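Summary of the model geometry
The primary structure of each chain is shown beneath.
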Amino acid sequence: MMSTDLYCVMGNPVEHSKSPWIHARFAQLAGQDLRYEKRLVALGGFVPAVQAFRAEGGKGCNVTVPFKFDAARLATRLTPRAELAQACNTLRFDGAEVIGDNTDGIGLVGDITRNAGVQLAGRDVLLIGAGGAAAGVLGPLVQAMPRRVVVANRTQAKAASLILRHSSLARAEGVELAAPPLKEVTAGFDVVINATATSMSGAAVPVPFAVLKPGALACDLMYGPAASGFMEWARSHGAVARDGLGMLVEQAAESFLLWRGVRPPSAQVLAELRANLG
Ligand code: ATR
């Protein structure tokens, strides 16, 4: 008899992760026999935690803060999008190989285009931030073939080095990619994505509200209280605000696909999760 396959999410903190619920629901709806746990990993203890999990028979794991960079170093093979992000949120154990992927960006793109019904192709996109979260989504954003992507960050040098890493992809896709100084980021975006920690710290959004075209879509990569500052800012300036819950479910669906070869019904699970959260 086949045994139940084991997966987990590793992070610190990880207590409030919704991934076990999401993957259990995916498995139920897609008729897949798997168990998905959460593992609190000590800081500095990522490599032994992965070794121990593999020894238990783990087939793969999701990786969250602060271990996504460790995960990319541990992988024996990276997908092109993980290579661009220099970070992994998904590992798959394939015999001796550890495949490292990053499904955050494709999850965000799927949430925007399918769940929110907003096209990215040909549009003007502003990505605020140039840290790990922004790096995780820029490649797939470029591959969605917007007209241009502007990366705006408090520390401009970080945005410049992030776009440099993506320049050949942008050329191949015919997408304009720029990282101007913050004060030159003024107006005219269809989609504005917040990949900074500003909402969490209560700091102001570092760009003027004129960046939002009337009716623009404004997405935060976070959800709950961590997204509320940015979402209020966007709504009060006439934009459609969207939190990161859809991205969370969609990145999970892409991990599930990588592990199981089956695409789970993510829109249904997102609707259920929103209903559960009230
Ligand atoms: P994460 O993994 O969440 O992206 P990070 O790598 O520490 O975390 O990046 C945090 C991002 O939020 C950076 O883009 C940071 O800007 P800097 O590169 O200039 O540090 C941005 N950020 C954090 N606090 C901010 C603030 N008060 N105003 C503007 N940007 C801020």
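Preceding this section is the structure that the text describes.
Residues numbered from 1 in each chain as written. Predicted model: local features only at pLDDT ≥ 70, side-chain atom pairs only at ≥ 80, totals over all residues. Heavy atoms only, no water.

This structure, assessed with the given rule, holds 18 salt bridges. Salt-bridge contacts for K213 lead to D190; the nearest nitrogen and oxygen are separated by 3.0 Å. Note that K213 is positioned in strand β11 (residues 212–220) and D190 in strand β10 (residues 189–194), a separation of 23 residues in sequence. Taking relative accessible area as the criterion, K213 reaches 31% and is therefore assigned partly exposed. For R274, the salt bridge identified is with D243, shortest N-O distance 3.0 Å. With R274 in helix α12 (residues 266–277) and D243 in the loop between β12 (240–242) and α11 (245–260), the pair connects residues that are 31 residues apart, well separated along the chain. Judged by its relative accessible area of 14%, D243 falls in the buried class. Three or more residues joined by partner-sharing salt bridges are found here, namely R35, E37, R39 and E56. (Salt bridge = Lys/Arg side-chain N within 4 Å of Asp/Glu carboxyl O. Helix = DSSP H or I, 4+ residues; strand = E, 2+ residues; numbered from the N terminus. Buried < 20%, exposed > 50% of the residue type's maximum accessible area, 1.4 Å probe, protein only.)

So, on to the sheet that holds β10. The strand order across the open sheet formed by six strands is β9-β8-β7-β10-β11-β12, and the pairing between neighbours is parallel. Both edges of this open sheet fall to β9 (176–178) and β12, since each of them pairs with a single strand only. When the angles between neighbouring strand axes are averaged without regard to direction, this sheet yields 15°. Sheet topology places strand β8 (residues 148–152) next to β9; three bridges connect them, and they run parallel. Each bridged residue has a counterpart across the sheet, and for R148 the counterpart in β9 is E176. (Pairing = 2+ DSSP bridges. Axes fitted to C-alpha atoms, helices over the stretch in contact; angles between N-to-C directions.)

Attention shifts here to the environment of V137. For V137, the location among the structural elements is in helix α6 (residues 132–143). With 56 residues separating them in the primary sequence, V137 and I193 have C-alpha atoms 9.9 Å apart. For V137, the residues in contact, after removing those within four places along its chain, are D104, G105, L108, L127, L221 and M247. (Contact = heavy atoms within 4.5 Å.)

With seven bridges connecting them, strand β1 (residues 5–11) and strand β2 (residues 34–40) associate as parallel partners. Within β2, the residue paired with M10 across the bridge is R39. You can see the chain leave β1, run along helix α1 (residues 19–30) and come back into β2, and the turn it takes is right-handed. (Right-handed = clockwise from strand over helix to strand, strands pointing away.)

A133, N153, R154, T155 and K158 are the nearest of the 14 residues found near the ligand. One of the backbone nitrogen or oxygen atoms of A130 is found 3.0 Å away from an oxygen atom of the ligand. Put simply, the ligand lies in the largest pocket. Partitioning the shell around the ligand into residue classes produces five nonpolar, seven polar and two charged. (Near = heavy atom within 4 Å. Polar contact = N/O pair within 3.5 Å; in protein donor to acceptor, adjacent residues only side chain to side chain. 1 Å grid on protein atoms, 1.4 Å probe; cavity = no way out; pocket = protein on both sides within 12 Å on 5 of 7 lines; lining within 4 Å. Sits in = over half its atoms within 2 Å of the grid points. Nonpolar A, V, L, I, M, F, W, Y, C, P; charged D, E, K, R; others polar.)

Its volume calculated, the largest pocket comes out at about 1600 Å³. As for the largest pocket, its lining consists of 50 residues, of which T64, V65, K68, A133 and M222 are closest to the centre. Those elements giving two or more residues to the lining of the largest pocket turn out to be β3 (58–63), α3 (68–74), α6, α9 (198–201) and α11. Each residue belonging to the lining of the largest pocket can be placed in one class, and the counts come to 24 nonpolar, 19 polar and seven charged. Here the lining of the largest pocket spans two domains, and each of domain 1 (5–102 + 246–277) and domain 2 (105–243) adds at least three residues to it. (Points joined across faces, edges and corners; volume = space filled by probe spheres on them. Domains from an automatic or database assignment.)

Don't take any of this as a statement about function, it's just geometry.
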